[in-house]
Amino acid sequence: MNTIDEQYNIYLVGLMGAGKTTLGRALAKRLDYQFVDSDHEIEARTGVRLTTIFEIEGEEGFRKREAQVIAELATYKRRVVATGGGAVLRQENRDHLRSSGFVIYLDVPLSTLWERTRRDRSRPLLQVADPLLRLQQLHLERDRLYREAANVVISGSRITLQSICSVLRKEMGK
């Protein structure tokens with residue numbers, strides 16, 4: 001899908017701390033769309049925190065649950081979806097995002113991501129000896145996948161709702 005149509009969703013992708021949930025809520029309100037955070041949806045369905053899923057099922061178990069949620073969300077319309085940072089790891093997820101919506105990659109500098117996430121204990125993938133190194137590794141691993149999935153990339157440490165709306169207006173030809 002190259003242009004935005006009301007019958008589709010808008011997906012926000014990017015690393016943890018990029019602002020997907022915060023900006024997604026505001027964007028949904030502005031567009032009068034429903035907002036969904038895929039990680040929160042997984043927690044609501046399982047009744048436990050993501051950290052617990054990672055502890056019990058590992059990352060692979062979590063990724064299976066995530067793929068199920070994304071496949072279901074792709075069947076809906078008029079939603080702004082903040083995806084989990086690793087949602088792009090599976091080709092099937094990237095395909096669902098692209099076929100059912102407009103994908104925006106929030107490309108935030110690592111220094112900003114680190115400032116936003118370094119004290120957050122709810123990020124299972126950063127619960128390692130060197131979380132900054134892990135964040136750098138995640139960026140190296142995922143950046144090309146975010147770009148592959150995205151219709152548009154918005155870069156910067158201060159991405160705003162206004163900048164996202166400006167991109168959407170341009171893409172919609174209005």
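Residues numbered from 1 in each chain as written. Predicted model: local features only at pLDDT ≥ 70, side-chain atom pairs only at ≥ 80, totals over all residues. Heavy atoms only, no water.

(A) Fine view of the overall build of the protein chain. Across its full length, the protein chain holds seven helices and five strands. If you line up the protein chain on its principal axes, its C-alpha atoms span 50 × 30 × 25 Å. Taken over 174 residues, the protein chain has a buried fraction of 49%. Taking the contacts inside the protein chain whose residues are at least 6 apart along the sequence as the reference set, 77% of them involve residues at least 24 apart. Positive and negative side-chain charges in the protein chain, numbering 28 and 23 respectively, have mean positions lying 5 Å apart. (Helix = DSSP H or I, 4+ residues; strand = E, 2+ residues; numbered from the N terminus. Buried < 20%, exposed > 50% of the residue type's maximum accessible area, 1.4 Å probe, protein only. Contact = heavy atoms within 4.5 Å. Lys, Arg positive; Asp, Glu negative; His and termini not counted. Charge placed at Lys NZ, Arg CZ, Asp CG, Glu CD.)

(B) View of the sheet that holds strand 1 (residues 9–13). Taking strand neighbours across the sheet as the criterion, the five strands line up as 2-3-1-4-5 in an open arrangement whose pairing is parallel. The sheet is open, and its two borders are formed by strand 2 (34–37) and strand 5 (152–155), each paired with just one other strand. With strand direction ignored, the average angle separating the axes of adjacent strands in the sheet is 20°. In this structure, strand 1 lies alongside strand 3 (residues 79–82), joined through three bridges in parallel fashion. Note on strand 3: the bridge partner recorded for Leu-12 is Ala-82. Sitting on the sheet, helix 2 (residues 38–46) is in contact with strand 2 and strand 3, with an inclination near 75° to strand 2. Seen against the sheet, helix 4 (residues 91–100) touches strand 1 and strand 4 (101–107) and runs at an angle of roughly 120° to strand 4. (Pairing = 2+ DSSP bridges. Axes fitted to C-alpha atoms, helices over the stretch in contact; angles between N-to-C directions.)

(C) A look at the pairing of strand 5. Side chains of strand 5 alternate between two faces, with Val-152 and Ile-154 buried and Val-153 and Ser-155 left unburied. Where strand 4 and strand 5 come together, four bridges link them in parallel fashion. Its bridge partner lying in strand 5, Tyr-105 is registered against Val-153.

(D) A look at the packing of helix 2 against helix 3 (residues 50–73). For the pair helix 2 and helix 3, interaxial distance at closest approach is 9 Å and the crossing angle is 110°. Taken together, the axes of helix 2 and helix 3 lie roughly perpendicular to each other. For helix 2 against helix 3, the interelement crossing comes out right-handed. Only Leu-50, Ile-53, Phe-62, Arg-65, Glu-66, Val-69, Glu-72 and Leu-73 of helix 3 make contact with helix 2, whose side of the interface consists of Ser-38, Asp-39, Glu-41, Ile-42, Glu-43, Arg-45 and Thr-46. Grouping the amino acids of the contact of helix 2 with helix 3 by side-chain chemistry returns six nonpolar, two polar and seven charged. (Parallel < 35°, antiparallel > 145°, perpendicular 65-115°, else oblique. Left-handed = near helix turned anticlockwise from the far one by under 90°. Nonpolar A, V, L, I, M, F, W, Y, C, P; charged D, E, K, R; others polar.)

(E) Layout of the pattern of salt bridges. For the structure shown, the criterion picks out 10 salt bridges. In this structure, the salt-bridge partner of Glu-60 is Arg-90, at a minimum N-O distance of 2.6 Å. With Glu-60 in helix 3 and Arg-90 in the loop between strand 3 and helix 4, this pair connects stretches of sequence that are 30 residues apart. Between Arg-94 and Glu-148 there is a salt bridge; the shortest N-O distance is 2.9 Å. Pair noted here: Arg-94 is in helix 4 and Glu-148 is in helix 6 (residues 131–149), with a separation of 54 residues, a long-range link. Glu-148 sits in the partly exposed class, given a relative accessible area of 39%. Several salt bridges share partner residues, and in doing so they unite Glu-41, Arg-45 and Glu-72 into one network. (Salt bridge = Lys/Arg side-chain N within 4 Å of Asp/Glu carboxyl O.)

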